[in-house]
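Residue-level structural notes
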Number of protein chains: 4
Amino acid sequence: MNSYSEGKIKAYQDKNENRARFLIKCPDQPGIVAAVSKYLYDHEANIVASDQYTVDPEGGEFFMRIEFECPDLLVRAEMLEEGFLPLAEKFQMNWKIMYVSELKNIAIFVSKEPHCLLELLWEWQSGDLMANIALVISNHETAREMVESLGIPFYYIPANKEIRIQVEQQQKELLGQYDVDLIVLARYMQILTNDFVKGYENRIINIHHSFLPAFIGAKPYERAYQRGVKMIGATSHYVTSDLDEGPIIEQNIGRVDHRDNEEGMKKIGQSIERSVLARAVKWHLDDRIIVHRNKTIVF
Amino acid sequence: MNSYSEGKIKAYQDKNENRARFLIKCPDQPGIVAAVSKYLYDHEANIVASDQYTVDPEGGEFFMRIEFECPDLLVRAEMLEEGFLPLAEKFQMNWKIMYVSELKNIAIFVSKEPHCLLELLWEWQSGDLMANIALVISNHETAREMVESLGIPFYYIPANKEIRIQVEQQQKELLGQYDVDLIVLARYMQILTNDFVKGYENRIINIHHSFLPAFIGAKPYERAYQRGVKMIGATSHYVTSDLDEGPIIEQNIGRVDHRDNEEGMKKIGQSIERSVLARAVKWHLDDRIIVHRNKTIVF
Amino acid sequence: MNSYSEGKIKAYQDKNENRARFLIKCPDQPGIVAAVSKYLYDHEANIVASDQYTVDPEGGEFFMRIEFECPDLLVRAEMLEEGFLPLAEKFQMNWKIMYVSELKNIAIFVSKEPHCLLELLWEWQSGDLMANIALVISNHETAREMVESLGIPFYYIPANKEIRIQVEQQQKELLGQYDVDLIVLARYMQILTNDFVKGYENRIINIHHSFLPAFIGAKPYERAYQRGVKMIGATSHYVTSDLDEGPIIEQNIGRVDHRDNEEGMKKIGQSIERSVLARAVKWHLDDRIIVHRNKTIVF
Amino acid sequence: MNSYSEGKIKAYQDKNENRARFLIKCPDQPGIVAAVSKYLYDHEANIVASDQYTVDPEGGEFFMRIEFECPDLLVRAEMLEEGFLPLAEKFQMNWKIMYVSELKNIAIFVSKEPHCLLELLWEWQSGDLMANIALVISNHETAREMVESLGIPFYYIPANKEIRIQVEQQQKELLGQYDVDLIVLARYMQILTNDFVKGYENRIINIHHSFLPAFIGAKPYERAYQRGVKMIGATSHYVTSDLDEGPIIEQNIGRVDHRDNEEGMKKIGQSIERSVLARAVKWHLDDRIIVHRNKTIVF
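Criteria and cut-off values
Residues numbered from 1 in each chain as written. Chains lettered and ligands numbered in written order. Predicted model: local features only at pLDDT ≥ 70, side-chain atom pairs only at ≥ 80, totals over all residues. Heavy atoms only, no water. UniProt positions renumbered as here; feature names shortened; annotations may be inferred. Contact = heavy atoms within 4.5 Å. Domains from an automatic or database assignment. Salt bridge = Lys/Arg side-chain N within 4 Å of Asp/Glu carboxyl O. Polar contact = N/O pair within 3.5 Å; in protein donor to acceptor, adjacent residues only side chain to side chain. Helix = DSSP H or I, 4+ residues; strand = E, 2+ residues; numbered from the N terminus. Nonpolar A, V, L, I, M, F, W, Y, C, P; charged D, E, K, R; others polar. Buried area = accessible area lost by both parts, 1.4 Å probe. Buried < 20%, exposed > 50% of the residue type's maximum accessible area, 1.4 Å probe, protein only. pLDDT = per-residue confidence, 0-100. Pairing = 2+ DSSP bridges. Axes fitted to C-alpha atoms, helices over the stretch in contact; angles between N-to-C directions. Least-squares fit on C-alpha atoms with pLDDT ≥ 70 in both. Phe/Tyr/Trp six-rings, centres within 6.5 Å; stacked < 30°, edge-to-face > 60°. Lys NZ or Arg CZ within 6 Å of the ring centre and 35° of its normal.

In this section: the UniProt feature "active site" (unreviewed entry) in chain A. Within the UniProt annotation, "active site" (unreviewed entry) is assigned to A:Asp244. In this view, A:Asp244 contacts A:Asn206, A:His208, A:Leu212, A:Ile216, A:Gly217, A:His237 and C:Arg227; residues no more than four positions away in its chain are not counted.

Once that is clear, we can look at the domain arrangement of chain A. Residues and elements named next belong to chain A. Looking at chain A, the domain boundaries give domain 1 (17–99) and domain 2 (105–298). At the junction of the two partners, domain 1 supplies 11 residues and domain 2 supplies eight residues. Counting every contact that joins domain 1 to domain 2 gives two salt bridges. Across the salt bridge formed by Asp287 and Arg21, the nearest N and O atoms sit 3.0 Å from each other. One can count six residue pairs in polar contact (both at pLDDT 80 or more) joining domain 1 with domain 2. Looking at the side of domain 1 that touches domain 2, the elements with two or more residues in it are β1 (19–27) and β3 (61–69). For the side of domain 1 that touches domain 2, the class distribution of residues is seven nonpolar, no polar and four charged.

Counting residues at the interface gives 33 residues for chain D, matched by 32 residues for chain B. Here chain D meets chain B over a buried area of about 2,900 Å², counting both sides, of which 53% is carbon and sulfur. Looking only at chain D, the three residues that lose the most surface to chain B are D:Arg227, D:Lys230 and D:His258, adding up to 25% of its buried area. Viewed at the interface, chain B and chain D are joined by four salt bridges. Between chain D and chain B we count 20 residue pairs in polar contact (both at pLDDT 80 or more) in total. By residue number, the principal contributor to the side of chain D that touches chain B is strand β11 (residues 248–255) of chain D, which donates seven residues.

Let us look at helix α2 (residues 32–42) of chain A. With eight of 11 residues buried, α2(A) is to be regarded as a mostly interior element. Restricting attention to buried positions, one finds in α2(A) the residues A:Ile32, A:Val33, A:Ala34, A:Ala35, A:Val36, A:Ser37, A:Tyr39 and A:Leu40. Buried residues in α2(A) make contact with β1, β2 (46–54), β3 and α3 (73–90) of chain A together with α2 (32–42) of chain B. Just downstream of α2(A) lies A:Glu44, where phi reads positive at about 60 degrees.

This part is about the confidence of the model for chain A. Low pLDDT means the predicted coordinates in that region are not meant to be read closely. Of all residues in chain A, 98% have pLDDT values of 70 or greater, and the mean over the chain is 94. Predicted complex metrics record ipTM = 0.92 and pTM = 0.91.

Residues and elements named next belong to chain C. Pairing in this open sheet of seven strands is mixed, and the strands run β7-β6-β5-β8-β9-β10-β11 from one edge to the other. Edge strands, defined here as strands with exactly one partner in the open sheet, are β7 (154–156) and β11 (248–255). Neighbour-to-neighbour, the strand axes of the sheet open up by a mean angle of 15 degrees, direction not taken into account. Looking at chain direction, strand β6 (residues 132–138) and β7 are connected through three bridges and run parallel. If you follow Ile137 over to β7, its bridge partner there is Tyr155.

What follows is about the relation of the copies chain A and chain B. Note on the identical chains: chain A maps onto chain B by a rotation of 180 degrees and an axial translation of 0.0 Å, with an RMSD of 0.0 Å. Expressed as a symmetry operation, the mapping of one chain copy onto the other fits a two-fold axis. By C-alpha distance to the rotation axis, the residue of chain A lying nearest is A:Ala34, at 2.6 Å. Of the interface residues in chain A, 100% have counterparts in chain B that sit at the interface too, so the contact is made through matching surfaces.

Once that is clear, we can look at unusual backbone geometry. In the segment running from B:Leu212 into B:Pro213, the intervening peptide bond is cis, with an omega of 5 degrees. Relative to the elements of secondary structure, B:Pro213 occurs in the loop between β9 (204–208) and α8 (220–227). Phi at A:Asp244 is positive, roughly 60 degrees, even though this residue is not glycine. Position of A:Asp244 among the secondary structure elements: in the loop between β10 (231–238) and β11 (248–255).

Tallying each qualifying case throughout the model produces 42 aromatic pairs over all chains. With a centroid separation of 4.8 Å and 70 degrees between ring planes, the pair formed by D:Phe22 and D:Phe84 is classed as edge-to-face. Of this pair, D:Phe22 sits in strand β1 (residues 19–27) while D:Phe84 sits in helix α3 (residues 73–90), and the two are 62 residues apart along the sequence. A residue is classified by how much of its surface remains accessible, and D:Phe22, at 2% relative accessible area, is buried. Put simply, the rings of A:Phe22, A:Tyr39, A:Phe68, A:Phe84 and A:Trp95 touch in pairs and so form one group of aromatic residues. Just above the ring of C:Trp122 sits the side chain of B:Arg274; from NZ or CZ to the centre is 3.5 Å.

Before going further, it helps to examine the interface of chain A and chain B. With 13 residues of chain A at the interface, the matching set in chain B holds 13 residues. Surface buried jointly by chain A and chain B totals about 1,200 Å² across both partners, of which 56% is contributed by carbon and sulfur atoms. Summed over the three residues of chain A that lose the most area to chain B, namely A:Ala34, A:Tyr41 and A:Gln52, the buried surface amounts to 32% of that side. Applying the counting criterion to the chain A and chain B interface returns zero salt bridges. Joining chain A to chain B, the criterion identifies one residue pair in polar contact (both at pLDDT 80 or more). Here the element with the most residues in the side of chain A that touches chain B is α2(A); it accounts for five residues.

Looking now at the side chain of D:His237. Locating D:His237 in the fold gives a position in strand β10 (residues 231–238). D:His237 sits in the buried class, given a relative accessible area of 3%.

Moving on, we get to the relation of the copies chain D and chain B. Screw-axis analysis of chain D against chain B gives a translation of 0.0 Å along the axis, an RMSD of 0.0 Å, and a rotation angle of 180 degrees. The share of interface residues of chain D whose copies in chain B are also at the interface is 97%, consistent with both copies meeting through the same surface.

As for its placement among the helices and strands, D:Glu148 is situated in helix α5 (residues 144–148). For D:Glu148 and D:Val136, which are 12 residues apart along the polypeptide, the C-alpha to C-alpha distance reads 9.4 Å.

Turning our attention to the pairing of β11(D). Residues in a regular strand point their side chains to alternate faces of the sheet. Residue and element names in this part refer to chain D. Most of β11 sits inside the fold, with six of its eight residues counted as buried. Looking at chain direction, β10 and β11 are connected through seven bridges and run antiparallel. Looking at β11, one finds that Met231 is bridged to Arg255.

It is worth spelling out the environment of C:Gly31 at this point. Structurally, C:Gly31 is set in the loop between β1 (19–27) and α2 (32–42). When the C-alpha atoms of C:Gly31 and C:Phe91 are compared, they prove to be 9.4 Å apart, with 60 residues separating the residues in sequence. Once residues within four sequence positions are removed from consideration, C:Gly31 is found in contact with C:Phe91 and D:Tyr41.

A few words now on the sheet that holds strand β8 (residues 182–185) of chain D. By way of backbone hydrogen bonds, the strands of a sheet pair with one another, either parallel or antiparallel. Residue and element names in this part refer to chain D. In space, the seven strands of this open sheet follow the order β7-β6-β5-β8-β9-β10-β11, with mixed pairing throughout. Because the sheet does not close on itself, it has two edges, and the strands there are β7 (154–156) and β11. Neighbour to neighbour, the strand axes of the sheet diverge by 15 degrees on average, direction disregarded.

What follows is the structure, given as structure tokens:
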């Protein structure tokens, strides 16, 4: 990491030391907004932004994200959280408060193609991705130079179907060691076991190189070319035990035409993959995503 | 108007008879959200959507739009509004409640080129623009057939600089007669007097055929072509006494290239003008726009 | 049809009376461009635009579209075509010359939802879709008013699986009677028989309300909502005997989010369907599309 | 430069060793296409792609770009060029042939904000920008670490209005020493003298952080915020002696809303600047741009 990005991150933390995000999920019922906003008002917290959503007006599920500022936030944090318990119980809330100045630890998994990894490193270097990139794990040596030149630890762990359990054991140890909050599969071409996935529920983000649910599975660009589509896409989603079926976070597409062969589609697609994955990761870091069943609410 | 669109409008009104929109603007201070949400809760109103914005966290201006549903809304409306007066006074609020089932009356002004008028008529016919198009006023006869074939009154009022005062007098009488809430200048190429504009503050929407502030004034496509731009745009804005300087509501652009001459740019541009104007009008009809100084907040 | 659009069409025909489009498809080999451009030069034709494409540089298929102007074009047309025969034979060309001022006859098929039909009528009325809309055929009465008010013949032919053969017989008679060049399925919800389709190879354009190959078949918006996608799309394609599998002409997508339920997605989707279908139809009318196997080349 | 990108560049050069681009500009007249395509055919060159454009069908200027492949291209290059002279003279052509495997040398100028520089380095590292980044020149030390870590020479040359002549003298020496073909101003905040600009006519590409001609000059984001625009943009153009008035190569825009203050607009804008500049540079490297008066033709 260079001094430029270090400066950017430090400034971000300083600016946001009194800022937090309040995420709430509970059965819909009258009076939630009134109660929560009163609670924050009583604790001198100023609501900076607020979003809410109800799945079905009658008898449905209610979701809310509030961004607030509060003097001496980190000092009062415990009190703020404990004091909220009675309200949370009354409304049967699933909730958490995230403190903006506490950066999340990320592990990036990558195989041979480094474009998505490079994008994340780029955004991080330029101060646009506010997190601590704790380590990179790869089953290839391709990316070692790029990663280590930025002072980020790089672990080469060869992987294949036969040794999956041992490989994941090694990975889990590293993830624990670095206290990782979020795993990003930046074109990591190995399937993860259900057991591994469960340990990081809604905390593994993958990028699939098609506009899901079109071209689920292998070789999406080749199949897109065969079908003669006029647009290709990419999809980032949380990983679940169903391959390419997890909650979609973000998608985007790009135009192709008859002049674009498989190679050309891949090139156009890679640029879409980069931005779609980076956006999904940043939304996760900003605590903007709530998972509800197999869908995401992105505030 | 055909039976298809009549059915669409009727269904919309029925569905929304208990729905209203609450618009608030006041000095920022703690407790506004808490107070308003409690007020609505106490009156059995269920908040369906809520947006807020503060210009400057400290000592700034606060804006809020709440969409709510309430049983027997139209019966309780008066009570709901009167009961709010003490709160409104306490927080120095500028506020209004709009009832979704009460459609607004629109007057469309147009000159020779009918594409923007046609778009509005189209959206209205297909049930996407929920308003009452009360009349069309034009200084040309071009659009008479299209307008009258839909059963909308068409008034031909020749206009030019010399007779501006008399023309506006005639227009004002018609606007009064039809109880018009909103005037849409759908490529009406006459300048309005300050006096006229003041009578409809923030209720006249214009479409300018450039990406303002580029190419303010006359012949924007010709000038865009001369400059060799790679994109052309359109801007819809509320009309103020400063030509092309009013609060911008919406803008969009389209790609052009060296193959597009002035005529080609105009064709591409017209399609942008249509959608930009239609969007601005629909946002206004949905009470999503709050004007603050020379800017719009679009919730 | 009103006098406004009649004027637009007349002006278009006058302006283009000496303009034609030359479409060529043949095995790739050296010298094609040189030979064709020499032929046109020798016949005083001026090349205004030229596009070419080769599927595979070595031993592949070559495609070319040339737009040219030539004095007294319609007088020389026969000579121009006959004179080209030796060259066409030498290079084993599949070719045709289309004369811009000769408008194509269109039949529009529609069921209950009229938004795509309305878009085509709109574009035609405003002079942006240069064709003769000869008739509209529907298995519902919904659209009669809109169509007949523009002076276009409307035929109500009830349809269902059981009477498919008789229905298509009636339709074919009408298509013959009006000398139809192109059939547009503007949300016509009946399946056509292979026999019918073969009679109009690469001359039936359909709009499917999903981003193919995602959500092939019935109820795409419902399924898109269930999957939690962040974008929905529409696809226009030539109809073949495989449902939703014909050569894709154009696709586009729009953003949706968690707030959009099935109804909301449908509304957003309909606006995409409209523009995607209109674009595909206009490209066909401009002779810009060449079908090669199951793909389109759109020049 | 790492081994990953070295491999990408090598593969590109090998694949394109027999490929060239032919750029032509001449007075329009019949027979040009026929003559040039015959010339290439006679020299065993296979036309892979071809674009043409005429400013005005009658008596205007003609432009053509042909991409072709030819066995033993580099061996025949001299013969190919010399043999073309008579034709070129006959049609008064301004022409050149560019050999794809010969990479261009780039110098990047940058001041304090490194985002555009970083984008170019990123694209280069990932094998998407096929050129030799010969050196980076800056009037600040900010970017030294990023540049040198990739093995690219970095020159710090402090600059201001008073010492402009001396500074440019130093710069010109470096440009000569590295045999630079193209200068990219990646947010270089110093004005260049006319004398300097003339030495690199149509070979200096700048990025301006607004949608020109809106917000020419200083502080475009601040002024965009003041005006309340709903979109902000960026423009890349060749540098001429008129500030921000040179031929536009590429533009793009991004949406902003009332929530985006100056800082937010800048962040959104920077991402647009990055991609707009990178695209313009890549089109220049692909010899796709012809400058005609104060406009560009981008094939």
